[in-house]
Amino acid sequence: MSASVSIPPAPGEEGWDILFTDARLATMVPNGTPYGALEGMALAVKDGHIAWLGPMADLPNQSARRLVPLEGRWVTPGLVDCHTHLVHGGDRAAEFELRLTGASYEEIARAGGGIASTVAATRAADEQALLASAGPRLEALLSEGVTTVEIKSGYGLSLDEEAKMLRVARRLAADYPVTVRTTFLGAHALPPEFEDDRPGYVQAVIDMLPAIARSGLADAVDAFCEKIAFTPEETARIFEAAQALGLPVKLHADQLSDLGGAALAARFKALSADHLEYTSEEGVAAMAAAGTVAVILPGAFYVLRETQLPPIEAFRRHGVPMALATDCNPGSAPLTSPLLAMNMACTLFRMTPEEALAGFTRNGALALGLGASHGTLEVGKAADLAVWEVERPGELAYRLGFNPLLYAIRDGRARELPMAA
Ligand code: NIG
Ligand code: FE
């Protein structure tokens, strides 16, 4: 990377904050070209937004406080990891070993391990401890170009404990250069105090919702609809209550069996339905009609050694946007690498590298309701960019365990910049 040149704005002229020149842009705007690619481009940033982009030849004569010659390097939108359980206490390495000797995720969950053990560890941790343990996981995501992350609660399972998790998620947004969207996942599992009272806990979750909505701590509401978690009927009751409070919904759906979760999510015009390995053609069609995004989570599929593939071809045929995410969590996906998730989506699910990158940019933003402001390189959108040392964007999904990120910019600001922002 060559040194940057600073051009002070002319007197009385506002000027741009940063001007990137000679860039190759994977805009991810569908324009008939793979990756929405545009070569020989300049991109200008002003007040945290993309102020101008176009061919070098059309560059207006406008000053910029910082000039960054990219010498043909590729720029993508900053990555959006739209499904994580980043904030949690403890780890489940022992469970990993148990599973290697034959115990299934479901058996472990039914025996009181699994999510319940993370609930105990999360309840035992104070906010400072949760913040300290989530920090390195978030750093790992940022180091691969993530500029927006969704963080779920779901290991507290009482109003106070769920709010504690969500406050930590908001704190991460204040402490790190990342946009955070939070999701209330009270309906993740039964807490020990409701072990024998499912209806009681479903009602308790519904009763938590008004306070969660008032607090402003949650941007959406999620549930785990599965045989080992909540039924479609219970999920529907929770969603009705969420919608009455104006909170959008998302759903962990059809991960281990087909309970009609995708169609249920669609009925509530959910932002997304996530996992979806067992989703039927009808479920896919319902999602298409509702505009519900499919969030594909290859990390959990890989870790749980699942064999049922999500219906990728059906999503394509029905035009359902596919997002991709790490699902970073201590049980089914201790994964903090979006690049590895992209590789897994291609290798395991036969998604294309372009679909994988769209999954972590344009469609990830859609899954969070941020499609108008994030996820593509377009004038007016947030200046969230990732600059990569690759020859072509497909390389992002190709390597395993290699990180070609040069740097990321979020809202027009970089942390560590070769150009010393
Ligand atoms: O997305 N499916 C439910 N929730 C998580 C797993 C949580 C855990 O095992 O701790 C998931 O896979
Ligand atoms: Fe999840």
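Residues numbered from 1 in each chain as written. Chains lettered and ligands numbered in written order. Predicted model: local features only at pLDDT ≥ 70, side-chain atom pairs only at ≥ 80, totals over all residues. Heavy atoms only, no water.

**Quick notes on the overall build of the chain**
Helix and strand counts for the chain come out as 15 helices and 16 strands. Looking at the 421 residues of the chain, the share that counts as buried comes to 58%. Across the chain, every contact between residues at least 6 apart in sequence was considered, and the portion connecting residues at least 24 apart equals 72%. (Helix = DSSP H or I, 4+ residues; strand = E, 2+ residues; numbered from the N terminus. Buried < 20%, exposed > 50% of the residue type's maximum accessible area, 1.4 Å probe, protein only. Contact = heavy atoms within 4.5 Å.)

**A word on the coordination of the iron ion (ligand 2)**
The protein atoms donating to the iron ion (ligand 2) are H83 (NE2), H85 (NE2), H252 (NE2) and D327 (OD), with metal-donor distances spanning 2.1 to 2.4 Å. Summarised as a motif, the one-chain spacing of the donors to the iron ion (ligand 2) is H-x1-H-x166-H-x74-D. Of the two residues, H85 sits in the loop between β6 (79–81) and α1 (93–100) while H252 sits in strand β10 (residues 250–253), which places them 167 residues apart along the sequence. The class for H85 is buried, based on a relative accessible area of 2%. (Donors = N, O, S within 2.8 Å, 3.2 Å for Na, K, Ca; no water.)

**Concerning the layout of surface pockets**
Put simply, the largest pocket is a space of about 440 Å³. Around the largest pocket sit 18 residues that line it, and A109, R110, A189, L190 and I228 are the ones nearest its centre. Counting only elements with at least two residues in the lining of the largest pocket, the list comes to α2 (105–110) and α3 (115–124). No other element matches α2, which puts three residues into the lining of the largest pocket. Here the lining of the largest pocket is composed, by residue class, of 11 nonpolar, three polar and four charged. Approximately 300 Å³ is the volume found for the second largest pocket. What lines the second largest pocket is a set of 17 residues, among which L142, S143, L405, A408 and R415 lie closest to the centre. The set of elements that each furnish at least two residues to the lining of the second largest pocket consists of α4 (127–142), β7 (146–152), β15 (405–410) and β16 (413–414). Here the lining of the second largest pocket is built from residues that sort into nine nonpolar, three polar and five charged. (1 Å grid on protein atoms, 1.4 Å probe; cavity = no way out; pocket = protein on both sides within 12 Å on 5 of 7 lines; lining within 4 Å. Points joined across faces, edges and corners; volume = space filled by probe spheres on them. Nonpolar A, V, L, I, M, F, W, Y, C, P; charged D, E, K, R; others polar.)

**A closer look at empty space enclosed by the protein**
To find leftover empty space, one rolls a probe the size of a water molecule over the atoms. Applying the stated criterion across every chain, the model contains two cavities of 30 Å³ or more. Taken as a whole, the largest cavity encloses approximately 90 Å³ of empty space. Around the largest cavity sit H85, Y105, I115, Y155, H188, F224, H252, Q255, H275, D327, N329 and S332, which together line it. Split into classes, the residues belonging to the lining of the largest cavity amount to four nonpolar, seven polar and one charged. In terms of lining, the second largest cavity is formed by P77, G78, V80, T147, T148, S373, H374, G375, T376, K381, A382 and D384.

**Thoughts on the environment of L357**
Looking at where L357 falls in the secondary structure, it is placed in helix α13 (residues 353–359). For L357, a relative accessible area of 1% gives the class buried. C-alpha separation for the pair L357 and K152, spaced 205 residues apart in sequence, amounts to 22 Å. With near-sequence residues (within four places) excluded, L357 lies in contact with M28, Y35, T76, L79, M342, P393 and L396.

**Here's the deal with the site of ligand 1**
Neighbouring ligand 1 are 15 residues, the closest being R92, Y105, Y155, H188 and S332. One of the side-chain N or O atoms of H85 is found 3.3 Å from an oxygen atom in ligand 1. In isolation ligand 1 has 320 Å² of accessible area, and contact with the protein removes 100% of it. (Near = heavy atom within 4 Å. Polar contact = N/O pair within 3.5 Å; in protein donor to acceptor, adjacent residues only side chain to side chain. Areas by Shrake-Rupley, 256 points an atom, 1.4 Å probe, with all protein chains shown as cover.)

**So, the sheet that holds strand β12 (residues 293–296)**
Spatially, β6-β7-β8-β9-β10-β11-β12-β13 is the arrangement adopted by the eight strands of the open sheet, whose pairing is parallel. Sheet topology places β6 and β13 (322–324) at the edges, where each strand pairs with a single neighbour. Averaged over all adjacent pairs, the angle separating strand axes in this sheet is 25 degrees, with direction ignored. Pairing of β7 with strand β8 (residues 179–187), which is carried by five bridges, proceeds in the parallel orientation. When the sheet's bridge partners are listed, I151 is paired in β8 with T182. Packing of helix α5 (residues 159–175) onto the sheet brings it into contact with β7 and β8, and relative to β8 it is tilted by some 170 degrees. (Pairing = 2+ DSSP bridges. Axes fitted to C-alpha atoms, helices over the stretch in contact; angles between N-to-C directions.)

**Regarding the packing of helix α6 (residues 198–215) against helix α7 (residues 232–244)**
Interhelical geometry of α6 versus α7 gives an angle of 15 degrees and a closest axis separation of 9 Å. Classified by the angle their axes make, α6 and α7 are roughly parallel. Note that α6 runs across α7; the crossing there is right-handed. In contact with R198, V202, Q203, V205, I206 and L209 of α6, α7 contributes E234, R237, I238, A241 and A242. A per-class count over the contact of α6 with α7 returns seven nonpolar, one polar and three charged. (Parallel < 35°, antiparallel > 145°, perpendicular 65-115°, else oblique. Left-handed = near helix turned anticlockwise from the far one by under 90°.)

**Here's the deal with the confidence of the model for the chain**
Mean pLDDT over the chain stands at 94; residues scoring 70 or higher make up 95%. For the stretch residues 1–7, pLDDT sits under 50, and the model shows 20 contacts to residues farther than four places along the chain or on other chains. (pLDDT = per-residue confidence, 0-100.)

**Looking at the pattern of salt bridges**
Tallied over the entire structure, the rule returns 22 salt bridges. Three or more residues are tied together by salt bridges with common partners; here these are E71, R73 and E389. (Salt bridge = Lys/Arg side-chain N within 4 Å of Asp/Glu carboxyl O.)

**What about the side chain of D222?**
Among the secondary structure elements, D222 is positioned in strand β9 (residues 220–225). Setting aside its immediate chain neighbours within four residues, D222 contacts K152, T183, F184, L185, A187, K250, L251 and H252.

**Remarks on α7**
The end-to-end C-alpha separation of α7 is 18 Å, in line with the 18 Å expected for 13 residues at 1.5 Å each. The complete set of buried residues in α7 reads E234, T235, A236, I238, F239, A241 and A242. Taken together, the buried residues of α7 touch β8, α6, β9, β10 and α8 (261–267). Looking at the residues trailing α7, positive phi occurs at G246, about 80 degrees. (Expected span 1.5 Å × (residues − 1).)

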